[in-house]
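Descriptive structure summary
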There are 4 protein chains.
Amino acid sequence: MKIGFVGLGHMGNPMVKNLLKAGFDVTVYDKSAEAMQALAAAGAKPASSLIELAKGAEVLITMLQTGDQVKDVCLKKEGLFENSLPDVLYIDSSSIEIAASRELHHEAGLLGVCMIDAPVSGGVAGAEAGTLTFMVGGEEKVFNRAKPILEKLGKKIIHAGEGGHGQAAKICNNLILGVSMIAVSEAFTLAKKIGLDPKKFFEISSNASGQCWAMTKYSPVPDLVENVPSNNGYKAGFMAKMMLKDLLLGMHAAENAQASVPLGAVATELYSLFVGQGNGEMDFSGIIKMLMGE
Amino acid sequence: MKIGFVGLGHMGNPMVKNLLKAGFDVTVYDKSAEAMQALAAAGAKPASSLIELAKGAEVLITMLQTGDQVKDVCLKKEGLFENSLPDVLYIDSSSIEIAASRELHHEAGLLGVCMIDAPVSGGVAGAEAGTLTFMVGGEEKVFNRAKPILEKLGKKIIHAGEGGHGQAAKICNNLILGVSMIAVSEAFTLAKKIGLDPKKFFEISSNASGQCWAMTKYSPVPDLVENVPSNNGYKAGFMAKMMLKDLLLGMHAAENAQASVPLGAVATELYSLFVGQGNGEMDFSGIIKMLMGE
Amino acid sequence: MKIGFVGLGHMGNPMVKNLLKAGFDVTVYDKSAEAMQALAAAGAKPASSLIELAKGAEVLITMLQTGDQVKDVCLKKEGLFENSLPDVLYIDSSSIEIAASRELHHEAGLLGVCMIDAPVSGGVAGAEAGTLTFMVGGEEKVFNRAKPILEKLGKKIIHAGEGGHGQAAKICNNLILGVSMIAVSEAFTLAKKIGLDPKKFFEISSNASGQCWAMTKYSPVPDLVENVPSNNGYKAGFMAKMMLKDLLLGMHAAENAQASVPLGAVATELYSLFVGQGNGEMDFSGIIKMLMGE
Amino acid sequence: MKIGFVGLGHMGNPMVKNLLKAGFDVTVYDKSAEAMQALAAAGAKPASSLIELAKGAEVLITMLQTGDQVKDVCLKKEGLFENSLPDVLYIDSSSIEIAASRELHHEAGLLGVCMIDAPVSGGVAGAEAGTLTFMVGGEEKVFNRAKPILEKLGKKIIHAGEGGHGQAAKICNNLILGVSMIAVSEAFTLAKKIGLDPKKFFEISSNASGQCWAMTKYSPVPDLVENVPSNNGYKAGFMAKMMLKDLLLGMHAAENAQASVPLGAVATELYSLFVGQGNGEMDFSGIIKMLMGE
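How each quantity is defined
Each chain carries its own residue numbering, running from 1 in the written order of its sequence. By the order in which they are written, chains take letters starting at A while ligands take numbers starting at 1. For a predicted model such as this one, the threshold for reporting local features is a pLDDT of at least 70, and the threshold for listing and counting side-chain atom pairs is 80 or more; totals across whole chains, interfaces and linings nevertheless cover every residue. Any residue surrounded by 20 or more other C-beta atoms within 10 Å of its C-beta is treated as buried, while 12 or fewer makes it exposed and the intermediate range makes it partly exposed; C-beta atoms here are placed from the backbone. The helix count covers DSSP runs of H or I at least four residues long, the strand count covers runs of E at least two residues long, and both are numbered beginning at the N terminus. Strand pairing requires that DSSP identify at least two bridges connecting the strands. Handedness of a crossover is defined as follows: orient the strands so they point away from the viewer, and if the path from the first strand over the helix to the second runs clockwise, the crossover is right-handed. When the copies are overlaid, the least-squares fit takes in C-alpha atoms only where the residue has pLDDT of at least 70 in both copies. Throughout, a residue-residue contact means that the two C-beta atoms, derived from backbone geometry, are no farther apart than 7 Å. The split into domains, and so the bounds of each, comes from an automatic or database assignment of domains. Amino acids outside the nonpolar list (Ala, Val, Leu, Ile, Met, Phe, Trp, Tyr, Cys, Pro) and the charged list (Asp, Glu, Lys, Arg) are all regarded as polar, and Gly is one of them. Helix axes are fitted to C-alpha atoms over the stretch in contact, other axes to C-alpha atoms as well, and angles between N-to-C directions run from 0 to 180 degrees. Each angle is binned into one of four classes, with values under 35 degrees roughly parallel, values over 145 roughly antiparallel, values of 65 to 115 roughly perpendicular, and all other values oblique.

1. A word on the pairing of strand 6 (residues 114-117) of chain A
Within a regular strand, side chains alternate between the sheet's two faces. All names here are of chain A. The alternating pattern of strand 6 places Cys114 and Ile116 and Met115 and Asp117 on opposite faces, both of which are buried. Bridge count for strand 5 (residues 89-92) against strand 6 is four bridges, and the pairing is parallel. Each bridged residue has a counterpart across the sheet, and for tyrosine 90 the counterpart in strand 6 is methionine 115. The parallel pair strand 5 and strand 6, bridged by helix 6 (residues 98-110), forms a crossover whose chirality is right-handed.

2. Digging into the relation of the copies chain B and chain A
Between the two copies, chain B and chain A, the superposition gives an RMSD of 0.1 Å; the rotation angle is 180 degrees and the shift along the axis is 0.0 Å. Both copies are brought into coincidence by an operation consistent with a two-fold rotation axis. Among all C-alpha atoms of chain B, that of B:Cys212 lies closest to the rotation axis, at 1.9 Å. When the interface residues of chain B are mapped onto chain A, 100% of them again lie at the interface, so the same face is used by both copies.

3. As for unusual backbone geometry
The amide bond that connects A:Ala236 to the next residue, A:Gly237, takes the cis arrangement and shows omega of 10 degrees. Considering the arrangement of structural elements, one finds A:Gly237 in the loop between helix 11 (213-216) and helix 12 (240-257). Of note, the phi angle at A:Gln258 is positive, near 55 degrees, even though the residue is not glycine. Note that A:Gln258 resides in the loop between helix 12 and helix 13 (262-279). Its 14 C-beta neighbours within 10 Å are what place A:Gln258 among the partly exposed residues. With phi around 65 degrees, C:Tyr234 is a residue other than glycine that occupies positive phi space.

4. Remarks on the relation of the copies chain B and chain C
Of the transformation placing chain B onto chain C, the axial shift is 0.0 Å and the rotation is 180 degrees, giving an RMSD of 0.1 Å. Looking at chain B, 100% of its interface residues are interface residues in chain C too, so the copies touch through the same face.

5. Details of the domain arrangement of chain A
The accessible area lost on association of the parts is a frequent measure of interface size. Residues and elements named next belong to chain A. What the domain assignment reports for chain A is domain 1 (2-162) and domain 2 (168-292). On a C-alpha basis, the centroid separation for the pair domain 1 and domain 2 is 29 Å. Looking at side-chain class alone, the side of domain 1 that touches domain 2 contains five nonpolar, three polar and one charged residues.

6. A look at the interface of chain B and chain A
At the junction of the two partners, chain B supplies 53 residues and chain A supplies 53 residues. It is helix 9 (residues 165-194) of chain B that contributes the most residues to the side of chain B that touches chain A, 20 residues altogether. In terms of residue class, the side of chain B that touches chain A is built from 35 nonpolar, 14 polar and four charged.

7. Structural notes on the interface of chain B and chain C
Opposite the four residues of chain B that make contact, chain C presents four residues. Tallied by class, the residues present in the side of chain B that touches chain C amount to one nonpolar, three polar and no charged.

8. As for the packing of helix 4 (residues 67-75) of chain B against helix 6 (residues 98-110) of chain B
All names here are of chain B. At a minimum axis distance of 10 Å, the contact between helix 4 and helix 6 shows a crossing angle of 10 degrees. Judged by the angle between their axes, helix 4 and helix 6 are roughly parallel. Contacts between helix 4 and helix 6 involve Gly67, Val70, Lys71, Cys74 and Leu75 from the first element and Ala100, Glu103, Leu104 and Glu107 from the second. Of the residues in the contact of helix 4 with helix 6, the class split is five nonpolar, one polar and three charged.

So, in structure tokens, the structure goes:
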């Protein structure tokens, strides 16, 4: 099966490699010629334009950074939608605004493109290992067409609902994650300043009503859980600036849906302060350092 | 073994009953004669004063509402500490300020009282079923003396550290709980307003990085988890005003320890708003109704 | 001088009337035929299309609700910019995103349209009385062309800076306003619950470091200041939903500028809660009722 | 008239000097012998104990840091209340908990001490210049007795209400101040990042609905207002840690009064973060540096 893949950054690069390993014929496109060359060495075919890529692909995948980028790549005259084969399958794995995703689904429908939104969680490590989680929005039959391909890239492929609901699921999930990471950090900071041993507190709270993924799978305090960024000087992992991006997507979604998200809003601002102090590339669990006054 | 028990409210009453069932000889005291009579019928011996109770007990237990109450009962001339037997074991199961608990430990030390602070989680249901969790602060040998008694009242008896650390562990844990309950409520509110099916979102997020006890064991959205207050019109359970009390204990602890707890502070104010609107007796998961605009 | 005016709502209607009173020849356009008829009776000339309006006007004014509306009216092929006279003066008095305003300034520059952004404060009452404040962004010479016209509509016409800075000034100002209205409401709520007479507190704080416009010119407590909505059951005035809109513009501006605005964010969410409880049309000072638990 | 003055710190020292200048006979007491010697040189008489000081004074004044200190000085057996002359006038100028102040008023009443609480604003500069503002709680006739003395120390002597209402007025006022200083700092940070000239924004907002004392009398941006700490590298002035103390008094007052103060709570935590990063001695307007990411 011929796949056209647009967006060859930290995430796109290992995803393409996994598709190649799985035996797919992959054509790639990126603004950066370097990024394309890197994958040509691995067996991908560089395209000279979006048109060329679109004309030769049964499946199109985008992995970009913003809704505006995805709209630009898909909706302009020389873009993917106008130049794709009839009934093409289009998978957008970018994390973008729900509203933008819905607009893309709408345009896709008008032009005969079969689209799903399929943002991921799992980060660069998950992309490399092929263990991403995909949260998918779109019609069931399109979801079913995409599933065998996504299974080469991830371990969990979940159908969240209609078009845009993949984005919605990821945004709502990460809203909880951002807030709970800070809550866990506040609790550990307080425990430490009171003199309560963090190991002891972890043992207690991880078996009690304070238990949450941010504590038990991604502890911001080093040496409580294996293989987490806090053990490694907060080297990302999931960068603070990416958490800020996801929280801001949550704020926009809340505005559009007229939902009140007070803790989400404060978490957003705390990540904004943290990133503004030069910590954007640090793992998002590093926010505990700001609270600790370090 | 002779136990003297002070504080016969919603929690103290079933705890005394469990001690009686376990075969202990229990003398009780409460300002309310009615509360004492209720337990006399179950086999407890009412004391006419704290002095009388203290003079006849090898073990003293208090289950009161505030640090001032505990200090009043223990520290005044006609109180427990001045009138207790040598080397008496004293268990304070009240949830109170860390600073007050430390003061009590200090006075206990001066007067030869062997004290642990042992606040509980599990609520009235846990007190009745004898399935409470005890978070214990104090010397290990005192902890070991208390453990066989506490095992008649609860299922998990955890030694958190030195005097006051039982309180600290509970306070830090409930700080996470209060914040994460609101975070989960915000996420479900947003999901609903976007049109994302709550069951679907639960299925996704409970298996992803948004997972937390507040969602998977105590969902604020009805009919996702069994036996939770949201299934039953938010009948407590753990009352919103009790969550507010615990969050305020957290705020005091943070002030004294000079720790910053921004999300804890906002969660406190949101529970304050919710309780101020007349919802103090509702289960704390009912705060989702405020966010939903219901 | 011939003026074309687009957007005849609560604000646009009285603005057009003041322009007519000042002797200008005003052509008007609105999607609502009714809104046009209402002004025809006052001497304005209804246009049948944006093209017709644009082709006959030396000055164009828009007073719309969102950046998307303004872009729609100005930038499409049958819109104002493509069809305007050479060197036309264009005044956008809508309150919109800074980014949208900058895009409009950019397009205006390409097409020879002399644009200023000139959002107002003062509300419907100010529009009717001709006492609005205009915060203007754009080149000084364009500002000077617009000033004599704006002086028929308002009392203060302030040049804030380059294109978009009119919007920026209003957004930053209203960020302070939204926060300080809630701060004042919190202080009065606390004072009342302590038993401190609000008149006494007003007398003290309005002469001390707590003084702010939200207190001394627009008190949320009735009967402390004359002619404010709190004296009149919180009848707007400046509606809570409009304050929410302005705070959200502030949040977007902060996101784009990578600025942290934690109190702005919480104020936004509190207004979101208040509006979500059905109070969008109430004056924004009515938020004190939510804090009071009324 | 013989005055006994307890508490000779940064504030107490210049206050005593002003009382001496006004011709009063002042006896002083402080735990620090050095602090007493410093004032002996200026003409004050050091007392060897609180008892000695109390026995010889017609008026007693305390200027201490915490409610516990004031209670310690006043209520213990060797303290002021037990050993004072009949009908003595007692002025507590410390900023303390409302609850503690009320307790002191209550004890004073039982022992025939005529008390007012009279916390100040104006800082060290105001104490030195004799231009403090006193917010006074207590009976009117006691207020009238104290007024002539306070007029030697300050310019504004305001009667806020019954016992404790002096504290209440200051706490409520400083709640607004702490919030509005951050709001103004957020707005200036946002303005700067957008490129809007701070001078321009100041000119606009100080004449509009964003006007507040924190902006127009104490601008956190340098060179907009004369004689403010921001012009002088944020040298206090009013130290951040003192603002944090006052905000925490507000949080306690709100808890006791069951009032919700969400913005106050966030402002408290932001000052806690700022102080925790080592900025406690900096002027409180320096918090703009944290927001600016400096």
